[in-house]
Amino acid sequence: MSLAWLLARPHVDSVLIGASNPEQLGDNLRAAELSLSREELARLDDLTRPQPLYPNWYEAKTKDDLTENALKH
């Protein structure tokens, strides 16, 4: 599934695979035949989206309306 997801991404030009035996090679090559739905692709995108780095995650976590309004004035 991960190889099929990578192949479906518009900015990915190629995918490198590594296989230790012929069975793994066959599994990897069959990924090119797997077609994921829009919903599956969107779900995988959501699950693999990088988390914000500090301090961005901290600011988002501690942000509240009262503080936002106070800072605007």
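1. Some remarks on the overall build of the chain
- Check the secondary structure of the chain and you find five helices and zero strands.
- Counting from the amino terminus, helix and strand elements in the chain follow one another as α-α-α-α-α.
- Its C-alpha radius of gyration of 20 Å places the chain more than 25% over the 11 Å reference for a compact globule of 73 residues.
- Burial statistics for the chain: of 73 residues in total, 10% are counted as buried.
- In the form shown here, the chain has an accessible surface area of approximately 6,600 Å², with 54% of it arising from carbon and sulfur atoms.
- Once the 8 positive and 12 negative side-chain charges of the chain are each reduced to a mean point, those two points are 4 Å apart.

2. With respect to the packing of aromatic side chains
- All told, the structure shown has three aromatic pairs when counted by the stated rule.
- Seen in terms of ring centroids, Trp57 and Tyr58 are 6.0 Å apart; in terms of plane orientation they differ by 85°. Their pairing is edge-to-face.
- A relative accessible area of 40% means that Trp57 is categorised as partly exposed.
- Among the aromatic side chains, those forming a connected cluster through ring pairs are Tyr54, Trp57 and Tyr58.

3. Section: unusual backbone geometry
- In this structure, the amide linkage connecting Tyr54 to the following residue, Pro55, adopts the cis form with an omega of 10°.
- By the secondary structure assignment, Pro55 is in the loop between helix H3 (38-48) and helix H4 (56-62).

Procedures and definitions
Numbering of residues starts from 1 in every chain and runs along the sequence as written. In keeping with the predicted nature of the model, local features appear solely for residues at pLDDT of at least 70, side-chain atom pairs appear and are counted solely at 80 or more, and the whole-chain, interface and lining totals rest on all residues. Note that the side-chain values use all heavy atoms of the structure and ignore hydrogens as well as water. The numbering of helices and of strands both runs from the N terminus, where a helix is a DSSP run of H or I of at least 4 residues and a strand a run of E of at least 2. Each radius of gyration is computed over the set of C-alpha atoms, and the globule rule expresses the reference value as 2.2 Å times the number of residues to the power 0.38. For each residue, the accessible area found with a 1.4 Å probe, counting protein chains only, is set against the maximum for its type, and the residue is called buried under 20%, exposed over 50%, and partly exposed in between. Per-residue and other accessible areas were derived by the Shrake-Rupley procedure at a 1.4 Å probe size, with only the shown protein chains allowed to occlude residues. Neither His nor the chain termini are counted; the positive set is Lys and Arg, and the negative set is Asp and Glu. To locate a charge, take atom NZ for lysine, CZ for arginine, CG for aspartate or CD for glutamate. To pair, rings of Phe, Tyr and Trp, with the six-membered ring standing in for Trp, must have centres within 6.5 Å; the planes then decide the type, stacked if under 30 degrees apart, edge-to-face if over 60, and tilted in the middle.

None of the figures reported here should be taken as evidence of function without further support.
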